[in-house]
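Below, each chain spelled out in residue letters.
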Amino acid sequence: MSIRRLPNSLINRIAAGEVVERPASALKELVENSIDAGATQINIRLEQGGLDLVQVADNGCGMSRDDIALALERHATSKLPDEAIELVTTMGFRGEALPSIASVARMTIESRMAGEDGWSRVIDHGELVHEGPTAIPPGTKVRVEQLFANVPARRKFLRTARSEYAACTDIVRRLAMARPDIGFTLEHQGRKAIAVQGGETGPERVAALTSRDLRANSVGVDLQREEIRLTGVAGLPTYNRGVADHQFLFVNGRPVKDRLLVGAVRGAYAEMLARDRHPVVALFINMPPELVDVNVHPAKTEVRFREPAMIRGMIVSGLRKALDEGGFRAVQRPSESALSKWQTEPSAPDPQTSIFTAHGRANVAQQPYPSAQVQEHVSAFAGFDPREDIAPLMGRAEEASGPVPDAARHPLGIARGQVAKTYIVAEAEDGLVIVDQHAAHERLVLERMRKAVEGGTVASQALLMAEVVELDENACDRLEARAAELSDFGLELERFGATAMLVRATPAMLGSGDVKQLVTDLADELGAYDQALSLKERVDHVASTMACHGSVRAGRVLSVAEMNALLREMEVTPHSGQCNHGRPTWVKLALEDVEKLFGRK
């Protein structure tokens, strides 16, 4: 078969295969055109998730009659005044979107420039079917109907209307987040799904398009290096998601989904999140256009940086610096579902009687219970002796009567007791604080060890008798190969036969823990590492494994002094609001919530 030139109609359909994958792709191109036209308000309307209709109307500069015709030709654009494509600052620049969309759908373009008459042009799957004057306010309106109606092979690969609508919503959310100076509305099936006003600040727009709770559970990011600036909002590690759909990344105002950036975000939150949880972030990178190549992918969702290592380092250090400044913060309020589980029991007939008096003890056994629910609870205490003094069961014997400290100096309050030998209950000036002692201490030990490793001062504690830990041969090989590096962490061990390691010293800050389990876990961790990386580069993984073995375990009774010391250290330690696995170490029940539980509000 001889080589031939393809007709324009087929060229446009091939281009559409690259640019227009689904309704969301067409919507993205149209909204980007509106942004490039200088619009301050963009209104979007969808029917059936965009399968039947995608309409974008703006108040931008508009187009003349001749420009509308030229815009529907391939590689015709107003966004490249010269050939310096590497300096492009607009959202679009390829000049392919409109003719590509018009080749696989019915497209109607109406536009008017200020002070001129409006003009309309209708293209049905590549064929001009109508053009003429139209009444329209200054700006442009584009309607895309019956997408892929004449291309059944493409149409059948589209998803359900619900799925396509979700993809369109995500596109609008990201573009609206990139331009808080522009107002956006999204209407689907006659219902307004998104409505944001122009002129908002970046954090306000991010919170409006994600969750209002994000503002109270996030920290600001702002870092400048040379000509590159990183800004944005980073959710606290305890404010996380099960999927990575709430990570919004922008380069020079362009939403991107770049592996380098996603990997950098994941690295910044390492050891603060469980592996199946994802942070909520919105990061904006601004740099000179010559330092980034946006002409990598037809949909312009991927970019290539001239100095990728520097960008990755900025994201990691910028996020960690912001999270460090967040200190001990965590998602402070318990969830509504947790609060709803509090039960209100009917009160006894004589509320003035003390349960600590003999009369009160008699009443406990003699008073009738008006509720069947309460009767069920009482049946669990069938062996209760009303003559037994129940006062010791009500709390700790040790006195914890110190005054409540000032919230500005000690926001976690003062310890009042311990529940289930696991949770510390503290009274703060503005509520009740509950601390998971194991999770909190695990984070404190990790931060101490991380600081010590960075300073090269990890003290070791020699064992009175060296301990032999039996492992499989491969695990012993891994530990032996890293023995010198492990000694920098305070762990001294040596090979003891083919399938055993001899432990001579452990990190002093871990105290007397389970040496065998520590070494076993470290061997497993080393098996998951890239052998090319040194332990210094994986310091968080090693320190986290060690910290878990050196922390206060659940089930240990703490004195009031120990509890208060833990609270004070949490207040001055970075990241103490979440454990090494991303779970919160403390929650606060505000006084107003307590009052609601008792019907006072």
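Below or above, wherever it landed, is the structure these notes cover. Here the structure is a predicted model, which is why all the values come from computation and not from measurement.

1. Things to note about the overall build of the protein chain
Now for step 1: In terms of helices and strands, the protein chain carries 19 helices and 24 strands.
Now for step 2: Scored against the burial criterion, the 601 residues of the protein chain give a buried share of 47%.
Now for step 3: At a minimum sequence separation of 6, the contacts of the protein chain that also span at least 24 residues come to 68%.
Now for step 4: Entry remark: accessible area of the protein chain is about 30,400 Å², with carbon and sulfur atoms responsible for 51%.

2. Structural notes on a nonpolar patch on the surface
Now for step 1: Together, V419, Y423, L432 and I434 make up a nonpolar patch on the protein surface, roughly 290 Å² of accessible area in all.
Now for step 2: Within the secondary structure layout, V419 lies in strand β18 (residues 414–419).
Now for step 3: For V419, a relative accessible area of 43% translates into the label partly exposed.

3. Some details on the sheet that holds strand β19 (residues 423–428)
Now for step 1: Across the sheet, four strands lie side by side as β18-β19-β20-β24; this open sheet has antiparallel pairing. With one partner strand each, in any of the chains shown, β18 and β24 (586–590) form the two edges of the open sheet. Between one strand and the next, the sheet's axes are offset by a mean angle of 25°, whatever the strand orientation.
Now for step 2: Two elements, strand β20 (residues 431–436) and β24, share five bridges in a ladder whose sense is antiparallel. Residue G431 lies in a different strand from β24, and its bridge partner there is A590.
Now for step 3: Across the sheet, helix α13 (residues 437–455) touches β18, β19 and β20, and the angle it forms with β20 is around 70°.
Now for step 4: Helix-sheet contacts for helix α18 (residues 560–572) involve β18, β19, β20 and β24, and the interaxial angle to β18 is about 115°.

4. Examining the sheet that holds strand β9 (residues 218–225)
Sheet strands line up and pair through hydrogen bonds in the backbone, either parallel or antiparallel.
Now for step 1: Within the open sheet, the five strands sit side by side as β9-β10-β15-β12-β13. Their pairing is mixed. Taken across any chain shown, the strands that pair with only one partner, and hence form the sheet edges, are β9 and β13 (254–256). Strand after strand, the sheet turns through a mean of 20° between neighbouring axes, direction not considered.
Now for step 2: Strand contacts of helix α6 (residues 161–178): β12 (247–251), β13 and β15 (281–286), with the helix running at about 50° to β12, the strand carrying the most contacts.

5. Considerations on the pairing of strand β8 (residues 191–196)
Now for step 1: Of the strand pairs in this sheet, strand β7 (residues 183–188) and β8 are connected by five bridges, and their pairing is antiparallel. Of the residues in β8, the one forming a bridge with T185 is A195.
Now for step 2: Hairpin connection from β7 to β8: two residues lie between these consecutive antiparallel strands, with Q189 at a positive phi of about 55°.

6. A closer look at helix α8 (residues 259–268)
Now for step 1: Among the residues making up α8, those that are buried are L261, A264, V265 and A268. End-on, the buried residues of α8 take up no more than an arc of 100°, which puts them together on one face.
Now for step 2: Against the buried residues of α8 lie β12, β13, β14 (278–279), β15, β17 (304–305) and α9 (308–326).

7. Things to note about unusual backbone geometry
Now for step 1: Even without glycine at this site, F148 takes up a positive phi of about 60°.
Now for step 2: The topology assignment puts F148 in the loop between β6 (139–145) and α5 (152–155).
Now for step 3: A positive phi angle is found at K421, which is not glycine, with a value near 55°.
Now for step 4: On the secondary structure map, K421 appears in the loop between β18 and β19.

8. Thoughts on the packing of helix α2 (residues 23–36) against α6
Now for step 1: Contact geometry for α2 and α6: axes closest at 9 Å, N-to-C directions at 25°. Looking at the two axes, α2 sits roughly parallel to α6. Considering only the axes of α2 and α6, their crossing is right-handed. Counting all contacts with α2, which are made through P23, A24, L27, K28, V31, E32 and I35, the residues of α6 involved are E164, A167, C168, I171, V172 and L175.
Now for step 2: Grouping the constituent residues of the contact of α2 with α6 by class yields ten nonpolar, no polar and three charged.

9. Examining the pairing of strand β10 (residues 228–235)
Now for step 1: Within β10, seven of the eight residues are buried, which leaves the element mostly enclosed by the surrounding structure.
Now for step 2: Two strands pair when backbone bridges link them, and β9 and β10 are joined in this way by eight bridges, in the antiparallel orientation. In the strand pairing of β10, R225 is matched with I228.
Now for step 3: Between β9 and β10, which pair antiparallel one after the other, the connecting turn spans two residues, and E226 there sits at a positive phi close to 55°.
Now for step 4: Relative to β15, β10 runs antiparallel, the two sharing six bridges. Each residue of the ladder has a partner; that of R229, found in β15, is N286.

10. Comments concerning the nonpolar core
Now for step 1: Within the largest apolar cluster, 58 residues are counted, with the highest numbers of intra-cluster contacts made by V31, I42, I44, M107 and V144.
Now for step 2: Residue contributions to this core peak at nine residues, all from α6.
Now for step 3: Grouped together as the second largest cluster of nonpolar side chains are 35 residues, V251, L273, I315 and V316 included.

11. Regarding a negative patch on the surface
Now for step 1: A cluster of acidic residues, E226, E227, E290 and E307, forms a negative patch on the protein surface.
Now for step 2: Along the chain, E227 falls in the loop between β9 and β10.

12. Focus on the pattern of salt bridges
Pairing is possible between side chains that carry opposite charge, provided their charged atoms lie close to one another.
Now for step 1: Tallying each qualifying case throughout the model produces 23 salt bridges.
Now for step 2: Between R106 and D124 there is a salt bridge, with its nearest N and O atoms 3.4 Å apart. Of this pair, R106 sits in strand β3 (residues 106–112) while D124 sits in strand β4 (residues 118–124), and the two are 18 residues apart along the sequence.
Now for step 3: Judged by relative accessible area, R106 falls into the partly exposed class, the value being 27%.
Now for step 4: You can call D124 partly exposed: its relative accessible area is 25%.
Now for step 5: In this structure, a network of salt bridges that share partners links the residues D170, R174 and K257.

Calculation criteria
- Counting of residues starts from 1 at the beginning of each chain's written sequence and follows it residue by residue.
- Residue-level local features of this predicted model are given only where pLDDT is at least 70; pairs of side-chain atoms are given and counted only at 80 or more, and the full residue set underlies all totals for whole chains, interfaces and linings.
- Excluded from the side-chain calculation are hydrogens and water; included are all heavy atoms of the structure.
- Numbering of helices and strands runs from the N terminus, with a helix taken as a DSSP run of H or I at least four residues long and a strand as a DSSP run of E at least two residues long.
- Burial here depends on accessible area, computed with a 1.4 Å probe over protein chains only, as a share of the maximum for the residue type. Under 20% is buried, over 50% is exposed, and the range in between is partly exposed.
- In what follows, a contact means two residues having at least one pair of non-hydrogen atoms within 4.5 Å.
- Shrake-Rupley sampling with a 1.4 Å probe provides the accessible areas, and residues are treated as covered by the protein chains on show and by no other component.
- Each patch is built from residues that are more than 30% exposed by relative accessible area and take part in no salt bridge. Like charges join if they lie within 9 Å; nonpolar side chains (Val, Leu, Ile, Met, Phe, Trp, Tyr) join within 5 Å.
- The salt bridge definition used is simple: a Lys or Arg side-chain nitrogen within 4 Å of an Asp or Glu carboxyl oxygen.
- A pair of strands is labelled paired if DSSP reports no fewer than 2 bridges between them.
- Axis definition: a line fit to C-alpha positions, over the contact stretch in the case of helices; interaxial angles, taken between N-to-C directions, run 0 to 180 degrees.
- Summarising the geometry, the arc corresponds to the directions from the helix axis toward the C-beta atoms.
- Each angle receives one of four descriptions, namely roughly parallel if under 35 degrees, roughly antiparallel if over 145, roughly perpendicular if within 65 to 115, and oblique otherwise.
- Whether a crossing is left-handed or right-handed is set by the direction in which the near helix is turned from the far one by less than a right angle, anticlockwise for left-handed and clockwise for right-handed.
- Just so you know the grouping, Ala, Val, Leu, Ile, Met, Phe, Trp, Tyr, Cys and Pro go in nonpolar, Asp, Glu, Lys and Arg go in charged, and all remaining residues, Gly too, go in polar.
- Buried residues of nine kinds, namely Ala, Val, Leu, Ile, Met, Phe, Trp, Tyr and Cys, make up a nonpolar core once their side-chain atoms join them within 4.5 Å.
- The convention is simple: Lys and Arg are positive, Asp and Glu are negative, and His and the chain ends are not counted.
- Here the site of a charge means NZ on Lys, CZ on Arg, CG on Asp, or CD on Glu.

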